[in-house]
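Examining the three-dimensional arrangement
Listed below, chain by chain, are the residues.
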Amino acid sequence: MDYHVKDLSLAKEGRNRIEWAEMDMPVLRSIRERFSKEKPLEGVRISACLHVTTETANLVLTLKEGGAEVYLTASNPLSTQDDVAAALVKHYGIPVFAIRGEDRDTYYSHLKAVIDKKPHIVIDDGADLISTIHREYPELAEEVLGGMEETTTGVIRLKAMAKDGVLKFPIIAVNDAYTKHMFDNRYGTGQSTIDGILRATNRLIAGSYFVVAGYGWCGKGVAQRVKGLGATVIVTEVDPIKALEARMDGFLVMPMSEAAKLGDFFVTVTGNTSVIRKEHFEVMKDGAIVSNSGHFNVEIDLDALEEVSVSKREIRKEVEEYRLSDGRRIYVLAQGRLVNLAAAEGHPASVMDMSFANQALSAEYIRTRAEELEREVYKVPDEIDREVARLKLRAMGIEIDELTPEQVKYLSSWEFGT
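Reference entry: report on the structure contained in this document. (Residues numbered from 1 in each chain as written. Predicted model: local features only at pLDDT ≥ 70, side-chain atom pairs only at ≥ 80, totals over all residues. Heavy atoms only, no water.)

This next bit is on the nonpolar core. Counting residues in hydrophobic clusters, the biggest one holds 54 residues, and the most contacted among them are Ile31, Ile46, Leu63, Leu72, Leu88, Val96 and Met148. The greatest single-element share of this core, amounting to 10 residues, is contributed by helix H16 (residues 349-369). When neighbours within four sequence positions are excluded, Ile46 is seen to be in contact with Leu41, Leu63, Ala68, Glu69, Val70, Tyr71, Pro119, Ile121 and Ile123. Judged by nonpolar contacts, the second largest core, of 27 residues, contains Leu129, Leu140, Ile171 and Ala173. (Core = buried A, V, L, I, M, F, W, Y, C linked by side-chain atoms within 4.5 Å. Buried < 20%, exposed > 50% of the residue type's maximum accessible area, 1.4 Å probe, protein only. Helix = DSSP H or I, 4+ residues; strand = E, 2+ residues; numbered from the N terminus. Contact = heavy atoms within 4.5 Å.)

As structure tokens, this is what we get:
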């Protein structure tokens, strides 16, 4: 089998961890059981560019159970769990191309390895796979039925492609499903980001000033979690509505130029570039800890930090110390990459259960409805979003009300007055 992983001897540990995650993914498990019987993806080749984690493993196993040939590569050089990659190859027969810490050339060679499988459906996390297909394999792009995108950053890139008229196949923005962004982004990113920071630093958050750059769903999750841990939370924003919401939620709001002087911890979750820049490093406290939980490592301007530093060293695993000419030290976690995956294990399985259920059902949707879809970016169909929520509630043992016929009529009528 064609694959490229670090060490197959890690496979036993990886299999155990995949099984551990699966226990907390009841929605995906129920979809897998149906897929096993119905085989809705029979004969379909799927190439996926995702974080190679235990939760992702359960997604690709669900797709395989549905009849698909699945090929997996990493969406981030530092997010691969090498034992999981080994287990997928050795125990489950999934070709994986991912090694934690791989360099840029290896990363793109792995992307091309899964593209060479000539996929019918692509699953992406950050749009590197889809953009590479469009840029370097335009003839192959014409044969792709459709794709899915998992991240805010990737959806932004793909909507720009659709707007410019260069998108060659339909995309379902899984990131925009309510059962994804309201839970994965808020509760998953909120918890896993703090987990990564604590594993890397073992520093106390209580009593600190904690700066959160960006108040989207990820920023809300991080801010809520660290507030609960006793931090004074400062939010920086460019959107006046989100800034107002942050203030109403009880957080301090100010420009990064002011927050940089106060912060003990910094986390960027904006999806944009150069959010923390040279002028911010120049006024930070000695010992400031800087991290990123947005998809790409561009939110922290590390080139500018190198420019103002006189030395750099790794002082702890996933902690680099930059010493400035005046003696101040700034600590960057996980090379500015996703701290929740590079320094921890990513989102808890129970949250990814919903996100990956959306992925699996969207793959089935593309297989059956591709001819009806234009070359646009679509939201996840409401029926899929609600089905995922329904299955999650059922797994939690929760029942809810249903509208009575009278209520249905009332909500659909204009005739009822005061």
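This part is about the sheet that holds strand E12 (residues 309-316). Here we have 8 strands laid out as an open sheet, ordered E9-E8-E7-E10-E11-E14-E13-E12, and mixed in their pairing. On the outer flanks of this sheet lie strand E9 (252-253) and E12, each paired with one strand and no other. Taken together, the 5 bridges between strand E13 (residues 319-324) and strand E14 (residues 329-333) define a ladder with antiparallel strand orientation. Within E14, the position partnered with Glu320 by the bridge is Val332. Contacting strand E7 (209-213) and strand E8 (232-236), helix H10 (residues 217-228) crosses the sheet at an angle of about 170° to E7. (Pairing = 2+ DSSP bridges. Axes fitted to C-alpha atoms, helices over the stretch in contact; angles between N-to-C directions.)

Our next topic: the sheet that holds strand E6 (residues 171-173). The 7 strands lie next to each other as E3-E2-E1-E4-E5-E6-E15, forming an open sheet whose pairing is parallel. At either margin of the open sheet sits one strand with a lone partner, and together these are strand E3 (96-97) and strand E15 (377-379). Where strand E1 (residues 45-50) and strand E2 (residues 69-74) come together, 6 bridges link them in parallel fashion. Paired with Ile46 across the strands is Val70, a residue of E2.

Throughout the structure, instances matching the rule amount to 4 aromatic pairs. Plain terms: the ring middles of Phe210 and Phe265 are 5.5 Å apart, the flat faces sit at 20° to each other, and that makes the pair stacked. Here Phe265 lies in strand E10 (residues 265-268) and Phe210 lies in strand E7, a separation of 55 residues in the sequence. We note that Phe210, like Phe265, is buried. (Phe/Tyr/Trp six-rings, centres within 6.5 Å; stacked < 30°, edge-to-face > 60°.)

All right, on to unusual backbone geometry then. At Ser274, a position not held by glycine, the phi torsion is positive, near 50°. In this structure, Gln335 is a non-glycine residue whose phi angle is positive, near 60°. Within the secondary structure, Gln335 is located in the loop between E14 and helix H15 (339-342). Of the residues examined, Gln335 reaches a relative accessible area of 40% and is grouped as partly exposed.

Looking now at the pattern of salt bridges. Should their charged atoms come close, side chains of opposite charge can pair. Applying the stated criterion to the full structure yields 30 salt bridges. The partner of Arg329 in a salt bridge is Asp286, and the shortest N-O contact between them spans 2.8 Å. Remark: Asp286 occurs in the loop between helix H13 (278-281) and strand E11 (288-292) and Arg329 occurs in strand E14; sequence separation between them is 43 residues. Classification of Asp286 by relative accessible area gives partly exposed; the value is 42%. Asp326 is paired through a salt bridge with Arg328; the nearest N and O atoms lie 2.8 Å apart. (Salt bridge = Lys/Arg side-chain N within 4 Å of Asp/Glu carboxyl O.)

With 4 of 5 residues buried, E8 is to be regarded as a mostly interior element. Pairing geometry for E7 and E8, over 5 bridges, is parallel. By the bridge assignment for E8, Ala213 is matched with Thr236. Viewed along the sheet, the connection from E7 through H10 into E8 turns out right-handed. As paired elements, E8 and E9 share 2 bridges and run parallel to each other. Bridging across to E9, Ile234 finds its partner in Leu252. Handedness of the E8-helix H11 (residues 240-248)-E9 crossover: right-handed. (Right-handed = clockwise from strand over helix to strand, strands pointing away.)

Let's shift gears to helix H3 (residues 54-65). Structurally, the α-helix is built with 3.6 residues per turn, so residues lying three or four positions apart point the same way. Compared with an ideal rise of 1.5 Å per residue, which puts 12 residues at 16 Å, H3 spans 17 Å between its outermost C-alpha atoms and is within 8% of the ideal. Across the 12 residues that make up H3, a large majority, 10, are buried. Gly67 sits one or two positions beyond H3 and adopts a positive phi of about 105°. (Expected span 1.5 Å × (residues − 1).)

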